[in-house]
Amino acid sequence: MINKCLFPVAGYGTRFLPATKSMPKEMLPIVNKPLVQYGVEEALEAGLDEVCFVTGRGKRAIEDHFDVNYELEHQIAGTGKEKYLESIRHVMDNCSFSFTRQREMKGLGHAILTGRRLVGDQPFGVILSDDLCMPPEDGAGVMAQMVKIFKQFRCSVVAIQEVEGDDIEKFGVVDGEKLKEGIYRVTNMVEKPKKAEAPTNMAIIGRYILTPDIFDILEKTPPGKGGEIQLTDALLKQAQDGAVLAYRFKGTRYDCGSVEGFIDATHYVYEHIYRQPKA
Ligand code: UTP
């Protein structure tokens, strides 16, 4: 049974300052929908309808987004404008939401550990909503693809993509033995290696399925690269003690934590989703 998805949204989003000075990065819109809503829709499509947020100071707009706004809704009830609320109402009607706060920014691994009480003792998905993932044409979303693999192998799964050139230095990088086309058993993982030291060009993106033993591992994981508690370090330990799979997902990922990726995603969504007539 897997029905929970954790969203670590406590980061400062410094690459988007000044826009993110008082507004959460996750609320930046790609066309007319905030990044975090794309992530929650992807989780819901995968059957993960218990949505858990690890938030921080200044992130209240995320909670408000997934709650009713009586005044606004009353104002536009029965008018042609009501249709603009359809997508968020669908998400709200079909998911439950819980929130906890990461008091200090000690890294992604620490953010996930902070979500422990919300998740409990069960496997769960993790979505970093600044990585916007678009499914292949007529295909399932990335989290739905990963849930399928999890149900087959019952161990942690990380989504990967092949990255060319110096860009590899921005990612966690995996090495592994190929099990099937696009599926590898992880044998090594390095967080943001120098290009010359990267074991492969297989980079981890912001989609994970984690088994709950990751929490005990994270508790014992010392700060790593950048003085932060790195999820990559904990995953390597999990891979050494048991098994972690790397999955080369189908679809396209946009790094919306960077201005370039954000603009590319905006063009894509405008052309392929927003302007497409509804069936
Ligand atoms: P990033 O480092 O990409 O996000 O973290 P950031 O810190 O918000 O952005 P920049 O680099 O300052 O522009 C990856 C993800 O992990 C979360 C972030 O919210 C983001 O979704 N995160 C990171 C936390 O929740 N807590 C942390 O301590 C660190």
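In what follows, the structure referred to is the one given above.
If you're wondering where the values come from, they're calculated on a predicted model, not measured in any experiment. (Residues numbered from 1 in each chain as written. Predicted model: local features only at pLDDT ≥ 70, side-chain atom pairs only at ≥ 80, totals over all residues. Heavy atoms only, no water.)

Draft legend 1. View of the packing of helix α1 (residues 35-45) against helix α4 (residues 86-94). Between α1 and α4, whose axes approach to 11 Å, the crossing angle comes to 50°. If you check the angle between α1 and α4, you find them oblique. α1 and α4 meet at a crossing whose hand is left-handed. Note on element contacts: α4 touches α1 through S87, I88, H90, V91 and N94, opposite Q37, V40, E41 and L44. Taken together, the residues of the contact of α1 with α4 sort by class into four nonpolar, four polar and one charged. (Axes fitted to C-alpha atoms, helices over the stretch in contact; angles between N-to-C directions. Helix = DSSP H or I, 4+ residues; strand = E, 2+ residues; numbered from the N terminus. Parallel < 35°, antiparallel > 145°, perpendicular 65-115°, else oblique. Left-handed = near helix turned anticlockwise from the far one by under 90°. Contact = heavy atoms within 4.5 Å. Nonpolar A, V, L, I, M, F, W, Y, C, P; charged D, E, K, R; others polar.)

Draft legend 2. The arrangement of the nonpolar core in detail. Judged by nonpolar contacts, the single largest core of 39 residues is most densely connected at F7, V40, L48, F53, F66, M146 and I209. Those elements giving two or more residues to this core turn out to be β1 (4-8), α1, β4 (50-55), α4, α7 (142-153), β8 (156-162), β11 (202-210) and β12 (244-248). Broken down by element, the residue count for this core peaks at seven residues, all from α7. With residues up to four places along the chain from it excluded, the contact list for L48 reads I2, N3, K4, C5, A43, G125, M143 and V147. (Core = buried A, V, L, I, M, F, W, Y, C linked by side-chain atoms within 4.5 Å. Buried < 20%, exposed > 50% of the residue type's maximum accessible area, 1.4 Å probe, protein only.)

Draft legend 3. Region of interest: unusual backbone geometry. In this chain, L17 is followed by P18 through a cis amide linkage whose omega measures 5°. With respect to the helices and strands, P18 occurs in the loop between β1 and β2 (29-30). Phi angles above zero are rare outside glycine, and D138 is one such case at about 60°. Following the sequence through the fold, D138 ends up in the loop between β7 (131-134) and α7. The backbone of K192 sits at a positive phi, close to 40°, despite the residue not being glycine. With respect to the helices and strands, K192 occurs in the loop between β10 (183-191) and β11. For K192, a relative accessible area of 38% translates into the label partly exposed.

Draft legend 4. Main features of the packing of aromatic side chains. Evaluated as defined, the whole model comprises eight aromatic pairs. Here F53 and F99 contribute two aromatic rings whose centre-to-centre distance is 5.1 Å and whose plane-to-plane angle is 10°, an arrangement assigned as stacked. Remark: F99 occurs in strand β5 (residues 96-101) and F53 occurs in strand β4; sequence separation between them is 46 residues. Members of the aromatic cluster, connected to one another through ring pairs, are F7, F53, F66, F97 and F99. Note that K33 overlies the ring of Y38, its terminal NZ or CZ placed 4.8 Å from the centroid. (Phe/Tyr/Trp six-rings, centres within 6.5 Å; stacked < 30°, edge-to-face > 60°. Lys NZ or Arg CZ within 6 Å of the ring centre and 35° of its normal.)

Draft legend 5. A look at helix α10 (residues 259-274). For α10, the complete set of buried residues consists of G261, F262, A265 and V269. Looking at the buried side of α10, the elements it contacts are β2, α1, β7 and β13 (252-255).

Draft legend 6. Quick peek at the side chain of R207. You can see R207 is positioned in strand β11. Looking at R207, its side chain comes within polar contact range of the main-chain oxygen of D131, at 2.8 Å. (Polar contact = N/O pair within 3.5 Å; in protein donor to acceptor, adjacent residues only side chain to side chain.)

Draft legend 7. Expanded view of the site of the ligand. Residues in close proximity to the ligand total 17 residues, the closest being G11, T14, R15, Q102 and G107. Take Q102: an N or O atom from its side chain is 2.7 Å from a nitrogen atom of the ligand. The backbone of G107 places a nitrogen or oxygen atom 2.9 Å from an oxygen atom of the ligand. Considered on its own, the ligand offers 570 Å² of accessible surface; in the complex 81% of this is hidden by protein. (Near = heavy atom within 4 Å. Areas by Shrake-Rupley, 256 points an atom, 1.4 Å probe, with all protein chains shown as cover.)

Draft legend 8. Focus on the pairing of strand β6 (residues 124-127). Residue alternation in β6 divides its side chains into two sets, F124 and V126 and G125 and I127, and both sets are buried. Relative to β6, β1 runs parallel, the two being bridged by two bridges. Paired with C5 across the bridge in β6 is G125. As paired elements, β6 and β11 share four bridges and run antiparallel to each other. For G125, the partnering residue across the bridge sits in β11 and is I209. (Pairing = 2+ DSSP bridges.)

Draft legend 9. Representation of the packing of helix α8 (residues 213-220) against helix α9 (residues 231-241). Viewed as axis vectors pointing N to C, α8 and α9 meet at an angle of 120°, and their least axial separation amounts to 9 Å. On the basis of their axis angle, the class for α8 and α9 is oblique. Considering the relative orientation of α8 and α9, their crossing is right-handed. On α9, the residues that touch D213, I214, I217 and L218 of α8 are L231, A234, L235, K237 and Q238.

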